[in-house]
Amino acid sequence: MTKTCAELVEIYLEKDQPANPEKLTFTGVGERDVYNITAPFEDEGELVIAGRVEARDTEHSEVYFFVSRDGVWTPREGAPVLELQDPFVTRIAGELVLGGVEIFPHPTNEGALGWRTVFYKGSSIKMLKPLFKGPDGMKDLRLAELKDGGVAVLTRPQGEKGGRGKIGFERILSLNELTLDVVEEAPLLEGQFAEGEWGGANELHILNNGLIGVLGHIASFDEEGNRHYYPMVFALNPETGEYTEIQLIAIRDDFLAGASKRPDLVDVVFSGGLLRKEDGTANFYAGISDAEAHKITIKDPFNQFEK
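This structure is a prediction, so every number in the text was calculated from the model and none was measured.

J.: A description of the sheet that holds strand S12 (residues 151–155) should follow, citing residues and the corresponding values.
T.: Pairing in this open sheet of 3 strands is antiparallel, and the strands run S11-S12-S13 from one edge to the other. In this open sheet, the two strands that pair with only one neighbour each are strand S11 (142–145) and strand S13 (168–172). The sheet shows a mean angle of 20° between the axes of neighbouring strands, taken without regard to direction. Across 5 bridges, the pairing between S12 and S13 is antiparallel.

This is how it looks when you write it as structure tokens:
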């Protein structure tokens, strides 16, 4: 049975709760907020976080690359600034692949914005070049290199095919096969989201047994029109297409109190990235309430799928 967000929260509250909540501090971007970050990743021997940088009263954002200086994340000198929202990173065929959401004037709705997921790749951040633009209207398009060198493609169509947003999956032999047709025709993973609710993938982890550990989000509206976003995981078998049930890994109350972009976004946790650790825990990085970036320590949610 497909579980609603409310049912998933009930199940989650019976588990061990996360620890060590921390708010990340950013500098060098004026009064703007930094949120919807990646987990730290290595680039040219240094740990870097990509983050969405945006004034509180707009959706026009830029992606900056930050490095830690005495515990404060500072824009990296000489790094590009990209006109994107919600960055994410992976490595495919030895190269860094960075993606994000690009907004543009809507072709038919005057005054409205359209969006699409775009990808860049390069040997390092400073060598990034455009790679691929996803279909108009699709966020949460994600790629990962599989154990056999193939590429997993997770999609999130909306509208006729996906409603408010469902996850699709396809595999291709290499990035050369990535086309709009592949993305648009990827079969949906059925039964993941209850009527009126939606979700998407945020970061893909290839587990030691070849399964794809999906870090994502599941979301709903309440009767007042407020949004509720919860970070979740599931495992997907790229050979058979089978997948496990969605499980929540945190809720807003697990993090420190903080600012919110708007009143309807208070209960938003947007999965950024997960750093798995040897001791069976993981550092989970997230955007909070569309205004801040936080991290907490959780039990590694992917260990269960590797047993």
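J.: A description of the nonpolar core should follow, citing residues and the corresponding values.
T.: Soluble globular proteins tend to bury their nonpolar side chains together. Core analysis: the largest hydrophobic core is formed by 42 residues, its most contacted members being Leu154, Ile218, Leu248 and Phe284. Taken together, the elements giving at least two residues each to this core come down to helix H1 (5–13), S12, strand S14 (198–206), strand S15 (212–221), strand S16 (227–236), strand S18 (269–276), strand S19 (281–288) and strand S20 (292–299). Of the residues forming this core, the biggest block, 6 residues, is contributed by S16. Contacts of Leu154, omitting those with residues within four sequence positions, involve Asp140, Leu141, Arg142, Ile167, Gly168, Phe169, Ala201, Leu204, Val214 and Leu236. Within the second largest apolar cluster, 16 residues are counted, among which are Val48, Val89, Leu98 and Val118.

J.: Let's hear about the packing of aromatic side chains: which residues, and what values?
T.: Under the definition given, this model contains 8 aromatic pairs. With centroids separated by 4.8 Å and ring planes inclined at 70°, the aromatic side chains of Phe26 and Phe66 adopt a geometry described as edge-to-face. Of the two residues, Phe26 is situated in the loop between strand S1 (19–23) and strand S2 (33–35) and Phe66 in strand S5 (residues 62–69); the sequence distance between them amounts to 40 residues. A relative accessible area of 17% places Phe26 in the buried class. With a centroid separation of 6.0 Å and 25° between ring planes, the pair formed by Tyr64 and Phe66 is classed as stacked. Phe66 carries the same exposure label as Tyr64, and that label is buried. Feature note: the residues Phe26, Tyr64 and Phe66 constitute an aromatic cluster, connected by ring pairs. Positioned above the aromatic ring of Phe104, the side-chain terminus of Arg116 is 3.9 Å from the ring centre. If you follow Arg142 out to its NZ or CZ, it ends over the ring of Phe88, 3.6 Å from the centre.

J.: I'd like to hear about unusual backbone geometry, residue by residue, with values.
T.: With phi around 55°, Asp140 is a residue other than glycine that occupies positive phi space. For Asp140, the position within the fold is in the loop between strand S10 (129–133) and S11.

The rules behind these values
Residues numbered from 1 in each chain as written. Predicted model: local features only at pLDDT ≥ 70, side-chain atom pairs only at ≥ 80, totals over all residues. Heavy atoms only, no water. Pairing = 2+ DSSP bridges. Helix = DSSP H or I, 4+ residues; strand = E, 2+ residues; numbered from the N terminus. Axes fitted to C-alpha atoms, helices over the stretch in contact; angles between N-to-C directions. Core = buried A, V, L, I, M, F, W, Y, C linked by side-chain atoms within 4.5 Å. Buried < 20%, exposed > 50% of the residue type's maximum accessible area, 1.4 Å probe, protein only. Contact = heavy atoms within 4.5 Å. Phe/Tyr/Trp six-rings, centres within 6.5 Å; stacked < 30°, edge-to-face > 60°. Lys NZ or Arg CZ within 6 Å of the ring centre and 35° of its normal.

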